[in-house]
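Structural description and commentary
Next come the chains, spelled out residue by residue.
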Amino acid sequence: MARRGHRPSQTQGNRPRLWGRHAVTAALANPERVVRKIWGTREALAALDLPPVLPVVYAEAPDLGRLVPSDAPHQGLVAEVDPLEDVWLGDLLDQGQGDQRPLVILDQVTDPHNVGAILRSAAAFDALGIITQDRHSPPESGSLARAASGALETVPWVRVVNLARALDEIGEAGFWRIGLTGHASQTLAQAMGTQRIAVVLGAEGEGMRQNTEAHCDELAKLPISGKVESINVSNAAAIALYAVAARG
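Residues numbered from 1 in each chain as written. Predicted model: local features only at pLDDT ≥ 70, side-chain atom pairs only at ≥ 80, totals over all residues. Heavy atoms only, no water.

Within the protein chain, the regular secondary structure consists of ten helices and twelve strands. Here the C-alpha atoms of the protein chain give a radius of gyration of 19 Å, agreeing with the 18 Å that 2.2 N^0.38 yields for 248 residues. If one aligns the C-alpha atoms of the protein chain with their principal axes, the spans along those axes are about 55 × 40 × 35 Å. In the protein chain, buried positions account for 50% of the 248 residues. With an accessible surface of roughly 12,100 Å², the protein chain has 48% of that area assigned to carbon and sulfur atoms. (Helix = DSSP H or I, 4+ residues; strand = E, 2+ residues; numbered from the N terminus. Rg over C-alpha atoms; globule rule 2.2 N^0.38 Å. Buried < 20%, exposed > 50% of the residue type's maximum accessible area, 1.4 Å probe, protein only. Areas by Shrake-Rupley, 256 points an atom, 1.4 Å probe, with all protein chains shown as cover.)

Nonpolar side chains collect at one region of the surface, where Ile224, Val228, Ile231 and Ile239 lie side by side and expose about 280 Å² of accessible area between them. Among the secondary structure elements, Val228 is positioned in the loop between strand 12 (218–220) and helix 10 (233–246). (Patch = residues over 30% accessible without salt bridge, like charges linked within 9 Å, V, L, I, M, F, W, Y side chains within 5 Å. Salt bridge = Lys/Arg side-chain N within 4 Å of Asp/Glu carboxyl O.)

Inspection of the secondary structure assignment puts Gly76 in the loop between helix 3 (61–65) and strand 5 (77–81). Taking the relative accessible area as the measure of exposure, Gly76 reaches 5% and is therefore buried. C-alpha separation for the pair Gly76 and Ala147, spaced 71 residues apart in sequence, amounts to 17 Å. Sequence-distant contacts of Gly76, defined by excluding residues within four places in its chain, comprise Trp39, Gly40, Thr41, Ala44 and Leu64. (Contact = heavy atoms within 4.5 Å.)

What follows concerns the pattern of salt bridges. Within the structure shown, the criterion is met by eleven salt bridges. The closest approach of N and O atoms between Arg15 and Asp82, which form a salt bridge, is 2.8 Å. Of the two residues, Arg15 sits in the loop between strand 1 (4–6) and strand 2 (17–19) while Asp82 sits in the loop between strand 5 and strand 6 (85–86), which places them 67 residues apart along the sequence. Judged by relative accessible area, which is 29%, Arg15 ranks as partly exposed. In this structure, Arg33 engages Glu140 in a salt bridge whose closest nitrogen and oxygen atoms are separated by 2.7 Å. Here Arg33, found in the loop between helix 1 (21–29) and strand 3 (35–40), pairs with Glu140, found in the loop between strand 8 (129–133) and helix 6 (142–148); they are 107 residues apart in sequence, far enough to count as distant. Taking the relative accessible area as the measure of exposure, Arg33 reaches 6% and is therefore buried. Residue class for Glu140 comes out buried when judged on its relative accessible area of 10%.

Written out as structure tokens, the structure reads:
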């Protein structure tokens with residue numbers, strides 16, 4: 001996984017704190033993640049194979065609770081880490097040449113729980129990676145990592161300055177860019193064909209911006225019933241990724 005250049009963390013203390021068994025063990029298993037310090041209960045730490053150079057602090061559960069947001073389910077483990085290095089779009093597109101893995105592009109999706117859940121679905125359906133706009137996406141955080149359930153460490157996440165320009169580059173790389181929107185006249189299944197697919201999803205509530213729609217090859221909708229107006233963006237991403245994986 002090609003990564004270059006450290007991104008300054010936007011979390012307290014300049015380094016994200018991850019919590020929970022899946023997030024912490026995935027960070028420890030990722031050779032590209034620098035773990036600076038780990039706190040944990042004796043029981044939780046006993047289950048880990050920790051490098052001898054890693055600073056370890058034994059703590060009781062109430063003490064761990066003071067290191068993370070209120071009511072965060074830390075499961076006896078908290079780790080302080082460096083943010084992952086940047087992934088460049090060109091490197092990711094080069095890496096995916098010759099396969100059918102889909103891309104997920106998020107247009108100003110800012111909720112860390114949604115982005116984390118989308119990372120988890122991207123891992124489940126073997127997506128090539130996700131792409132977000134740098135200024136309108138959440139930083140790495142414990143909440144996001146918890147929702148991703150380890151996928152933050154395994155799914156390449158590209159942050160770009162200009163999403164429209166990135167969509168142009170993705171199209172030139174041979175991806176069929178399908179924007180999901182409720183006002184489309186066709187379903188995702190009708191729009192897919194056999195090409196490599198890049199699924200574009202808009203922000204919570206507002207959907208894709210007009211300029212983003214203009215840089216898609218086609219617009220499509222999910223065949224949801226009229227009983228609901230829309231579904232959560234992370235659910236939509238999971239359904240779309242399943243549809244791409246299941247196409248004949």
